[in-house]
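# Structural characterization, general
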Amino acid sequence: MRFPYEGVVPLATLADEAAADAVADGLVAGGLPIVEVALRSPYSLQGLARLAARGDLAVGAGTVITPEQLRAAIDAGASFIVSPGLDPEIVEGALAAGVAVLPGVATASDVQRGIRLGLSRLKLFPAGVLGGLALVKAFAPVFQGVQFMPSGGVNEGSLGDYLAHPSVFAASGSWIASDDRVRAGADAVAEAARAAVAVAS
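The structure contained in this document is the topic of the report that follows. (Residues numbered from 1 in each chain as written. Predicted model: local features only at pLDDT ≥ 70, side-chain atom pairs only at ≥ 80, totals over all residues. Heavy atoms only, no water.)

This paragraph deals with the sheet that holds strand β7 (residues 121-124). Taken in spatial order, the 3 strands make up an open sheet running β6-β7-β8, and their pairing is parallel. Across the chains shown, the open sheet's two edge strands, defined by having one partner strand only, are β6 (104-105) and β8 (147-150). (Pairing = 2+ DSSP bridges. Helix = DSSP H or I, 4+ residues; strand = E, 2+ residues; numbered from the N terminus.)

Dropping the structure here:
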């Protein structure tokens, strides 16, 4: 299954209902109705389920590192799965459940394993530490037909450069739904979402 989302994929860590609503309302108002909910807080799965039940944005689970988290995220309504590394059990489990999956890769060996699992779109993580666009440019001629979603160190300043490369189908980052913006409310999230959409368009 080809990962179906393109452009900008906001990453959010949800602390409570108020944060979940601020993120969702802001992203929808800002014309960016998609969110990757990081499974990094006690409220993450509840927040994911709350957002998935709205029906007005695509909601996925990020930081999925165990099969148990995978099952819990799917049960909560995740429509896509993102993981920091490439775990065949998570990839195969998501695909068997009919859910799009985007595992993280950091090396050429990781990319080759992803290809063998039938994937043509992969998360590049942590992109900033790995060399960012320079690594994308190094991988592109070797792994023709593979596209990447850089994540980790991506921000509003580097977004346009990433998305301009043909081997990049999307970019992920937490700046749109950062803790400060979420505390400021939905309008602040919406403002950052609009700016990201403008860059991606």
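You can see A170 is positioned in strand β9 (residues 170-173). For the pair A170 and L159, spaced 11 residues apart in sequence, the C-alpha separation works out to 9.3 Å. Excluding anything up to four places from it in sequence, A170 contacts Y5, E6, G7, V9, F148, M149, P150 and L163. (Contact = heavy atoms within 4.5 Å.)

Residues R121 and K123 line one face of β7 and the alternating positions L122 and L124 line the opposite face, and both faces are buried. By the bridge criterion, 2 bridges tie β6 to β7 in an arrangement that is parallel. The residue bridging V105 from the neighbouring strand is L124, located in β7. Assessed by its sense of winding, the connection that carries the chain from β6 through helix α5 (residues 108-116) to β7 is right-handed. When β7 meets β8, the two strands line up parallel, connected through 4 bridges. Along β8, the bridge assignment pairs L124 with P150. (Buried < 20%, exposed > 50% of the residue type's maximum accessible area, 1.4 Å probe, protein only. Right-handed = clockwise from strand over helix to strand, strands pointing away.)

With that settled, consider the nonpolar core. One finds V35, I81 and I176 to be the most contacted residues of the largest nonpolar core, which totals 68 residues. Ranked by residues supplied to this core, first place goes to helix α1 (residues 17-29) with 6 residues. Residues within four places of I81 in sequence aside, it is in contact with A61, V64, L70, A73, I74, I90, A94, V99, A100, V101 and L102. (Core = buried A, V, L, I, M, F, W, Y, C linked by side-chain atoms within 4.5 Å.)

What follows covers helix α4 (residues 88-96). Listing the buried residues of α4 in full gives I90, V91 and A94. Along the axis of α4, the buried residues cluster in a sector spanning 100°; they form a single face. Pointing more than 90 degrees away from the buried face of α4 are the exposed residues E89 and A96. The inward-facing, buried residues of α4 contact α3 (67-76), β4 (80-82) and β5 (100-102). Of the residues flanking the start of α4, the one acting as N-cap is D87, its side-chain oxygen 2.9 Å from the backbone nitrogen of E89. Of the residues one or two after α4, G98 is the one with positive phi, at around 75°. (Arc of directions from axis to C-beta. Polar contact = N/O pair within 3.5 Å; in protein donor to acceptor, adjacent residues only side chain to side chain.)

The subject of this paragraph is the packing of aromatic side chains. If you walk through the whole model with that rule in mind, you get 6 aromatic pairs. Ring plane angle 75° and centroid distance 5.6 Å describe the contact between F3 and Y5, whose orientation is recorded as edge-to-face. Given a relative accessible area of 2%, F3 falls into the buried group. Measuring from centroid to centroid gives 5.0 Å for Y5 and F80, while their planes differ by 55°, and the two rings are tilted. Separated by 75 residues along the polypeptide, Y5 in the segment before β1 (7-12) and F80 in strand β4 bring together distant segments of the chain. Site record: aromatic cluster; members linked through ring pairs are F3, Y5, F80 and F169. The ring of F125 has K123 sitting right over it, with the charged end atom 4.6 Å from the ring centre. (Phe/Tyr/Trp six-rings, centres within 6.5 Å; stacked < 30°, edge-to-face > 60°. Lys NZ or Arg CZ within 6 Å of the ring centre and 35° of its normal.)

What follows deals with the pairing of β9. Burial along β9 is two-sided: the residues A170 and S172 and A171 and G173 are all buried. Bridge count for β1 against β9 is 4 bridges, and the pairing is parallel. Each bridged residue has a counterpart across the sheet, and for V8 the counterpart in β9 is A171.

A word on the pattern of salt bridges. Overall, the coordinates contain 8 salt bridges when judged by the stated rule. Its salt-bridge partner being D25, residue R54 comes within 2.8 Å of it at the nearest N-O pair. With R54 in the loop between α2 (44-52) and β3 (58-62) and D25 in helix α1, this residue pair connects regions lying 29 residues apart in the sequence. Look at D25 and you get partly exposed, because its relative accessible area is 35%. A salt bridge links R54 to D56, with the shortest nitrogen-to-oxygen separation between them at 2.9 Å. Residue classification places R54 among the partly exposed residues on the basis of a relative accessible area of 32%. Overall, D56 belongs to the partly exposed group, its relative accessible area being 34%. Residues participating in the shared-partner salt-bridge network are E17, D21 and R50. (Salt bridge = Lys/Arg side-chain N within 4 Å of Asp/Glu carboxyl O.)

Function cannot be read off these values alone, since they describe shape.
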